[in-house]
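# Fold and contact review
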Amino acid sequence: MTLKYEICSNCIMDTTDPEIQFDDNGFCDHCNNFYRNILPNWNPGPEGEKELMKIVTKIREEGKGKEYDCLMGISGGVDSSYMAYLAKVKLGLRPLIFHIDAGWNSQQAVNNIERIIDSLDLDLHTEVINWEEMKDLQAAFFKAQVCHVDTPQDHAFQAAMWNFAAKHNFKYILNGGNISSECVREPLEWHYHASDLRQIKDIHSKFGTRPLSSFPLASIFKYRIYYKYIKGITVVKPLDFIPFEKEKAMQFLEKEFGWQRYAEKHYESRFTKFYEGYWMPKKFGFDIRLAHYSSLILTKQMTREEALKKVSVLPYDDEAIKEDFEYVATKIGFTVGEFKEIMNGKNKTYRDYKNSMGFIEMGMKLMRFFGGERKLIR
Ligand SMILES: [Zn+2]
């Protein structure tokens, strides 16, 4: 653990990531990981497009005679919205679009999804999470005083989609995740694995008040082994094969579909806005924009100076936060006073509750050994 404050000389990640390491040039491990492991394998140009078309041909072939040839999630954010356009128009795929309504969609998100679906004449399947269960699990995470209170939402999104894919025999899931805007991962301390079902169950057993009867759940074992090897579901990330720049993509979507932009990445959900914009920085001192902007710096979409200037302004404004604070508190079932008490309570980490980190670390070592994927579903 570094005690002295230090910031990377290349991106803007700093010692608020307790595991950050710097080399002799002052470059952090996120930068070095990008230059050594990610950049050499990333071909967002003609070569990548050729590779993508090979995969697309295979998806189309295997999907012949089926109503849809792949499944893809949509949140209304820029990545998934752009991917829907790409899949239908540019790649000629026949995706079923999948949306999870966890009770926190912003008006913009709803508008964006509608516009994309209607303009592109796509089919949408919306799964609504049982709100009483969602609320109970979210309240449990707040009471647990951990930073990663977005876990119930994140977990539900992933689990519901994978469970649906397995049930309806989808072999391909298109994922809007991309190197271009996400090559610097949020440190584990900021954002623990949402796929860790053991942690969810432990926190829920301690602070939850009702059973999770219909809440979508799936363990890491289920994703990594059962769905992947037994059900044969493959995840494809099309945005990694093409030149994908966030700002350009947003401008395109605005012009083409009347899509509306958000102030920050992930603000398509009112919950995520509160969580990333206030809960994380105010209670834990973690500013997720450092990771988001560092990704944009490494992929040359923002300068380091621009990023530093942006993060020098607080992510929330004091007036607006009062309203959001009350909104989130009331919606989850706390009084403003109770919620303030939680806000001021003692911070905990994922280590304070049962977790699968031992297994995850072993799995990652094994995957590296066999030259497989480096990333896990977070
Ligand atoms: Zn760096």
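The rules behind the values
Residues numbered from 1 in each chain as written. Predicted model: local features only at pLDDT ≥ 70, side-chain atom pairs only at ≥ 80, totals over all residues. Heavy atoms only, no water. Buried < 20%, exposed > 50% of the residue type's maximum accessible area, 1.4 Å probe, protein only. Helix = DSSP H or I, 4+ residues; strand = E, 2+ residues; numbered from the N terminus. Pairing = 2+ DSSP bridges. Right-handed = clockwise from strand over helix to strand, strands pointing away. Salt bridge = Lys/Arg side-chain N within 4 Å of Asp/Glu carboxyl O. Contact = heavy atoms within 4.5 Å. Donors = N, O, S within 2.8 Å, 3.2 Å for Na, K, Ca; no water. Tetrahedral: all angles 85-135°; square planar, octahedral: opposite > 155°, others 65-115°.

Take the pairing of strand S2 (residues 95-101) next. Most of S2 sits out of view: six of its seven residues are buried. Sheet topology note: the strand S1 (residues 70-73)/S2 ladder contains four bridges and is parallel. Following the sheet pairing, Leu71 is matched in S2 by Leu96. Taken together, S1, helix H3 (residues 78-90) and S2 form a β-α-β motif whose crossover is right-handed. Across six bridges, S2 lies against strand S3 (residues 123-128) in parallel orientation. Considered in S3, the bridge of Ile97 is made with Leu124. The handedness of the S2 to S3 crossover, carried by helix H4 (residues 107-120), is right-handed.

What the rule picks out here adds up to 12 salt bridges. One salt bridge connects Arg94 with Asp69, and the closest N-O pair in it is separated by 3.9 Å. Taken together, the residues span a long stretch of sequence, with Arg94 in the loop between H3 and S2 and Asp69 in the loop between helix H2 (46-62) and S1 at a distance of 25 residues. With a closest N to O distance of 2.8 Å, Lys206 and Asp202 form a salt bridge. One end of the pair, Lys206, and the other, Asp202, are both in helix H8 (residues 197-207), four residues apart, so they sit about a helical turn from each other. Asp202 sits in the buried class, given a relative accessible area of 6%. Because the salt bridges share partners, they merge into one network encompassing Glu247, Glu254 and Arg261.

Note that an α-helix has 3.6 residues per turn; residues three or four places apart therefore point the same way. Here helix H12 (residues 289-298) lies mainly inside the structure; 10 of its 10 residues are buried. Within the span of H12, buried status applies to Arg289, Leu290, Ala291, His292, Tyr293, Ser294, Ser295, Leu296, Ile297 and Leu298. Contacts from the buried residues of H12 go to helix H1 (29-38), helix H7 (179-182), helix H10 (246-257), helix H11 (270-284) and helix H13 (304-311).

Here we come to the environment of Phe141. When you line up the elements, Phe141 lands in helix H5 (residues 131-143). Separated by 214 residues in sequence, Phe141 and Asn355 have C-alpha atoms that sit 14 Å apart. Not counting chain neighbours up to four residues away, the residues in contact with Phe141 comprise Val146, His148, Val149, Thr151, Pro152, Ile200 and Ile203.

What follows deals with the coordination of the zinc ion. At this site the zinc ion is bound by Cys8 (SG), Cys11 (SG), Cys28 (SG) and Cys31 (SG), with donor distances of 2.3 Å. Its four donor atoms give the zinc ion angles of 104 to 119° at the centre, a pattern that matches the tetrahedral case. Read from N- to C-terminus, the donor residues coordinating the zinc ion fall into the pattern C-x2-C-x16-C-x2-C. For the pair formed by Cys8 and Cys11, the shared burial category is buried.

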